[in-house]
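In case you want the letters, here they are:
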Amino acid sequence: MANEKTYEGSCFCGAVRFTVTGEPLAMGYCHCESCRHWSASPVNAYTLRKPGAVEITQGADNIGSYCRTPRSHRKWCKSCGGHIYTEHPTKGFIDVYAAIIPDFPYRPTVHVHYEETVLRIKDGLPKLKDIRKERGGSGVILPE
Ligand SMILES: [Zn+2]
Ligand SMILES: [Zn+2]
């Protein structure tokens, strides 16, 4: 049986609240320049979900949006600036940041875009040069 549990999350100040339901399509760490630059951190912990699995329950009109490329629509709270999620419309999923769903049992399985890393992490998980083959990447695994 799929885990259809619902978990609550919010932005940094709590003006925007949302729920995510069920197991993500994928969970891992992204080391790409875009994630690092936008989040101002060395790595981004992601949970990829179908758009229908994410519901904004409060403060939808308080969500700002920015697209540097049409592939990624980055969403944040207009009050606190806290990041909420990134839509990837061309791929058909949403990245909800693991860090803002405190009760969700985050179980990363992979590191992606490790070629761009600034923080090597020796946790034994596979380190993909870019992304998985089935998602259009090279599938190449790099040393930790
Ligand atoms: Zn906020
Ligand atoms: Zn990234």
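Anything mentioned here points back to the structure above.
Within any chain, residue numbers begin from 1 and follow the written order of that chain's sequence. Both sets of labels track the order of writing: A upward for chains, 1 upward for ligands. This being a predicted model, a pLDDT of at least 70 is required before a residue's local features are given, and a value of 80 or more before pairs of side-chain atoms are given or counted; all residues contribute to the totals for chains, interfaces and linings. Values reported for side chains reflect all heavy atoms of the structure, with hydrogen atoms and water molecules removed beforehand.

(A) Spatial organisation of the coordination of the zinc ion (ligand 2). Sites may look incomplete, because water is not among the atoms used; the donor set itself consists of N, O and S atoms within 2.8 Å of the metal (3.2 Å for Na, K and Ca). Donor atoms from the polypeptide that coordinate the zinc ion (ligand 2) comprise Cys30 (SG), Cys32 (SG) and Cys35 (SG), at 2.1 to 2.3 Å from the metal. All donors of the zinc ion (ligand 2) come from a single chain, and their spacing in sequence reads C-x1-C-x2-C. Buried, partly exposed and exposed residues are distinguished by accessible area as a fraction of the type maximum, computed with a 1.4 Å probe on protein chains only: under 20%, between the cut-offs, and over 50%, respectively. Overall, the relative accessible area of 12% leaves Cys32 in the buried class.

(B) Region of interest: the nonpolar core. Residues enter a nonpolar core if they are buried and are Ala, Val, Leu, Ile, Met, Phe, Trp, Tyr or Cys, with the set joined through side-chain atoms within 4.5 Å. Membership of the largest hydrophobic core comes to 17 residues, with the highest contact counts inside it found for Val16, Phe18, Val20, Ile84, Tyr85, Val96 and Ile101. Helix numbers and strand numbers start at the N terminus; a helix is a DSSP run of H or I with at least 4 residues, a strand a run of E with at least 2. Of all elements in the fold, only strand E2 (17-21), strand E8 (83-88) and strand E9 (93-97) reach the threshold of two or more residues within this core. Tallying contributions element by element places E9 first for this core, with three residues. Two residues form a contact once any of their heavy atoms are found within 4.5 Å. What Val16 contacts, discounting residues up to four positions off in sequence, is Gly9, Ser10, Cys11, Ile56, Gln58, Gly59, Asn62, Ile63, Cys77 and Ile84. Judged by nonpolar contacts, the second largest core, of 11 residues, contains Tyr46, Phe93, Val110 and Leu128.

(C) Structural detail: the side chain of Thr86. Topologically, Thr86 is positioned in strand E8. Exposure remark for Thr86: the relative accessible area of 2% places this residue in the buried category. In protein, a polar contact requires one atom able to donate a hydrogen and another able to accept it; more generally it is a pair of N or O atoms within 3.5 Å, and residues adjacent in sequence count only if both atoms are side-chain atoms. For Thr86, the side chain forms a polar contact with the side chain of Tyr97, separated by 2.3 Å. The residues touching Thr86, leaving out its near neighbours within four places in the chain, are Trp38, Ser72, His73, Arg74, Phe93, Ile94, Asp95 and Tyr97.

(D) Structural detail: the coordination of the zinc ion (ligand 1). At 2.3 Å from the zinc ion (ligand 1) lie its protein donor atoms, namely Cys11 (SG), Cys13 (SG), Cys77 (SG) and Cys80 (SG). Sequence spacing among the residues donating to the zinc ion (ligand 1) works out to C-x1-C-x63-C-x2-C. On the basis of relative accessible area, Cys11 is assigned to the buried category, the value being 4%. For Cys13, a relative accessible area of 42% gives the class partly exposed.

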